[in-house]
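Below, each chain spelled out in residue letters.
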Amino acid sequence: MSEKTRSLDYSGGSMLDRYAAARRKQVTGDASVDIGGVISGVGEVVSQAAQVEKAKEEAEDLALANWDKGFDAMGDRGSWASPQLFDQFQDLESTFRDEYIAAVESGDKKKQQSLLTQQGNRATSLQAWTETMEAAAQINNGPGWGHVVTSNTEHKLLLEALAKNDGSAKPVVGEGGELMFEFNGKRYSRRDVDDMVAGGTFPSAAKNNFLQGLASQYESGLKGGSWNEELTMQANLNSLDNDKMASYIHDPITGPTSFAQDFEAFKDASFTFPTDPAFDVDNSGTVDAVDFNSENMAKMIEAMQDPKNLNIAKQIIAEYMTLKQKNNFDKGEEKFKEMVQQGRISFDKK
C-alpha cells in the first residue's frame, strides 16, 4: 500500500491562529497560561520542560567557559598561532624537507619543484586557517554562538582546541596536500571549520531585523494602518534560508524565547488541525493534544529539522513569526482605538 502524504491544510484559519485560540491549559499545579499569550510573549510559562531547558542552557554556558579560555589565550598571544603550533608545523615540514634533500641529491628537479610548490601551498593554507580562527574569535567576542554550535559537543571541543592552539589539535597533511587538523581521531579541513563557524554564529542580524519589524507593526496599528496577513506571511517565508532551520527553531530570534521553547507551552493544549503525517506522532490523522505531550514533542521538533520536511517546517516558522507580528499590530491598533474613544485624535480608522 502506498504511503499517503498530505501537506498542511490552513483552511478555516492558520495553524498558529488555532494555537492562539486553544483553551487555557494547566502547566504546573494551579498555574495556567493562555497559549496565545505565551506565543506573543505576554505570558510566561513555568513548566517542568522549561526548567529542563533552562538547566540545559546553564550547562551549555558552563561548557562555553572553556571556549572563552581558548579565545582569551588568542587575545593574550596577540594572534592565533602559538609556539606549540610552530613546533608542530616544523615537525610536519621536517618530513618533507628530508624528501626535498633526497630529491636534490638524486637530481630530480621535477620532484624538487613539486615539493617546493606543496610547501608554499601549506604556508598559504596556514594563513587561511589563521583568518578563519580570527573570524571565530570575533564571533565569540561579538554576536556569540547559536544552537548549531552550542548544542554540538564535537564542535565546541574542536573550536576550543583550535582556539587554545595548545597542541591538542594537530596539523596534518590530507590527500592532495591540504593542510588539515586532527582532533580526537578525526581530521577537519578548513572548509569544515569555516562552515561550522558560519553556520554556528548566533543570527543577531536576523533577530534585530525581526524586532525592528515588530516595532513597525506596532507603529502601523497605532497609526490606524491595515494588516495584510498574506503579504506578511509571504515576506516571512521568503526571509527563511533552507540551511538554517535548526537556528530558526532553537535560537531566540523573535524575542526572549525560541520557537522550541514556545512550542513546549502547547503541551496538553486542546486543539486539532490537519497536518502532514510527519507531525502526527500518534498516527491519528490529526495533530492534537496527544501529540503535544512531553514524550512526543521532541519527535515533532526533530521532524521539523528533517530536510524532507523543510517546506512544512518553513511554513510553521513563518506562521509563528506572522502571529507574533499580528499580536504587535493588534496592540498598536488597540491603543489607537482607545485614543479615538478618548478624543485624543480626531479621525476614525478607515
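Residue positions are given per chain, counted from 1 along the sequence in the order it is written. Selection of residues for local features in this predicted model requires a pLDDT of at least 70, selection of side-chain atom pairs for listing and counting requires 80 or more, and totals for whole chains, interfaces and linings are taken over all residues. In computing side-chain properties, one takes all heavy atoms of the structure into account and sets aside hydrogens as well as water.

Novice: Lay out the sheet that holds strand S4 (residues 179–183) with the relevant residues and their values.
Specialist: Pairing is antiparallel in the open sheet, where 3 strands are placed in the order S3-S4-S5. Whereas interior strands pair on both sides, the edge strands pair on one side only; in this sheet they are strand S3 (170–173) and strand S5 (186–188). Averaged over neighbouring strand pairs, the angle between their axes works out to 40° when direction is ignored. Summarising the sheet, S3 and S4 pair through 4 bridges and their orientation is antiparallel. Opposite Val-172, over in S4, you have Met-180 as the bridge partner. Its contacts with the sheet place helix H5 (residues 109–141) against S3, S4 and S5, and it is angled at close to 60° to S4. Should DSSP find at least two bridges between two strands, the strands are regarded as paired. The secondary structure listing takes helices from DSSP runs of H or I that are at least 4 residues long and strands from runs of E that are at least 2 residues long, numbered from the N terminus. Note on definitions: angles span 0 to 180 degrees between N-to-C directions of axes, and those axes are lines fitted to C-alpha atoms, for helices only across the stretch in contact. Here a residue-residue contact requires only that any non-hydrogen atoms of the pair lie within 4.5 Å.

Novice: An account of the packing of helix H4 (residues 83–106) against H5 is requested, with residue identities and associated values reported.
Specialist: Taken N-terminus to C-terminus, the directions of H4 and H5 make an angle of 170°; their axes are 9 Å apart at the nearest point. Classified by the angle their axes make, H4 and H5 are roughly antiparallel. By crossing handedness, the relation of H4 to H5 is classed as left-handed. On H5, the residues touching Leu-85, Phe-89, Glu-93, Phe-96, Glu-99, Tyr-100, Ala-103 and Val-104 of H4 are Lys-111, Gln-112, Leu-115, Leu-116, Gln-118, Gln-119, Arg-122, Ala-123 and Leu-126. For the contact of H4 with H5, the per-class residue count stands at 10 nonpolar, 3 polar and 4 charged. Angle categories: roughly parallel below 35 degrees, roughly antiparallel above 145, roughly perpendicular from 65 to 115, and oblique for all the rest. Should the near helix be turned anticlockwise from the far one by less than a right angle, the crossing is left-handed, and should it be turned clockwise, the crossing is right-handed. As a working rule, the residues Ala, Val, Leu, Ile, Met, Phe, Trp, Tyr, Cys and Pro are called nonpolar, Asp, Glu, Lys and Arg charged, and the rest polar, with Gly in that last group.

Novice: So, the packing of helix H10 (residues 229–239) against helix H14 (residues 310–341): which residues are in play, and what are the values?
Specialist: The geometry of H10 relative to H14 is characterised by a closest axis approach of 9 Å and an angle of 130° between their N-to-C directions. The angle between H10 and H14 falls in the class oblique. Regarding H10 and H14, the two cross each other, and that crossing is right-handed. Where H10 approaches H14, its residues Glu-229, Thr-232, Met-233, Asn-236, Leu-237 and Ser-239 are matched on the opposing element by Lys-314, Gln-315, Ala-318, Glu-319, Met-321, Thr-322 and Gln-325. A per-class count over the contact of H10 with H14 returns 4 nonpolar, 6 polar and 3 charged.

Novice: Lay out H5 with the relevant residues and their values.
Specialist: In this scheme, a helix's expected span is set at 1.5 Å multiplied by one less than its residue total. Taking 1.5 Å per residue, 33 residues should reach 48 Å; H5 reaches 48 Å between its end C-alpha atoms and fits that length. Any pair of N or O atoms that falls within 3.5 Å is considered a polar contact. Within protein, one atom must be able to donate a hydrogen and the other to accept it, and sequence-neighbouring residues count only if both atoms are side-chain atoms. Capping of H5 at its N-terminal end is provided by Asp-108; its side-chain oxygen lies 3.4 Å from the backbone amide nitrogen of Lys-110.

Novice: Account for the pairing of S4, with residues named and values stated.
Specialist: In this scheme, a residue with accessible area under 20% of its type's maximum is buried, one over 50% is exposed, and one in between is partly exposed, where area comes from a 1.4 Å probe on protein chains only. S4 sits mainly inside the fold: 4 of its 5 residues count as buried. Hairpin connection of S3 to S4: 5 residues between the antiparallel strands, including Gly-176 at a positive phi of 85°. In this structure, S4 lies alongside S5, joined through 3 bridges in antiparallel fashion. Bridge assignment links Phe-183 to a residue of S5, and that residue is Lys-186. Linking two consecutive strands that pair antiparallel, namely S4 and S5, is a turn of 2 residues; a positive phi of about 50° is found at Asn-184 within it.

Novice: Requested: an account of helix H8 (residues 190–200), with residues and values cited.
Specialist: Residues spaced three or four apart along an α-helix point in a common direction, a consequence of the helix completing one turn every 3.6 residues. Within H8, burial applies to Val-193, Met-196, Val-197 and Gly-200. Each buried residue of H8 lies within a common arc of 90° when the element is viewed along its axis, so the set occupies one face. In H8, the exposed positions angled more than 90 degrees off the buried face are occupied by Arg-191 and Ala-198. Along its buried surface, H8 packs onto H5, helix H6 (147–150), helix H7 (153–164) and S5. Think of the arc as the fan of directions from the helix axis to the C-beta atoms.

Novice: Can you lay out the environment of Arg-190 for me, pointing to particular residues and giving the numbers?
Specialist: Summarising the element assignment, Arg-190 is placed in helix H8. Spatially, the C-alpha atoms of Arg-190 and Ser-125 are 8.4 Å apart, while their sequence positions differ by 65 residues. Discounting chain neighbours no more than four positions away, the residues touching Arg-190 are Ala-128, Trp-129, Thr-132 and Glu-178.

Novice: Tell me what's going on with the environment of Tyr-188, and back it up with residues and numbers.
Specialist: For Tyr-188, the position within the fold is in strand S5. Those residues within four positions of Tyr-188 in sequence are excluded, and the remaining contacts are Trp-129, Glu-154, Leu-158, Met-180, Phe-181, Phe-183 and Val-193. Side chain to side chain, Tyr-188 and Glu-154 meet in a polar contact 2.7 Å long.

Novice: Help me get a handle on the packing of aromatic side chains, residues and values and all.
Specialist: Only rings of Phe, Tyr and Trp enter the pairing, Trp through its six-membered ring, and a pair is recorded when the two centres are within 6.5 Å. The plane angle decides the type: under 30 degrees is stacked, over 60 is edge-to-face, the rest tilted. With the rule as written, the count across this model stands at 4 aromatic pairs. When the ring of Trp-129 is compared with that of Phe-181, the centres are 4.7 Å apart and the planes differ by 70°; the resulting orientation is edge-to-face. Highlighted residues: Trp-129 in helix H5 and Phe-181 in strand S4, separated in sequence by 52 residues. Grouping residues by exposure puts Trp-129 and Phe-181 together as buried. Should the NZ of a Lys or the CZ of an Arg lie within 6 Å of a ring centre and within 35 degrees of the ring normal, that charge is described as sitting over the ring. Over the face of the ring belonging to Phe-96 we find Arg-122, whose NZ or CZ atom lies 3.8 Å from the ring centre.

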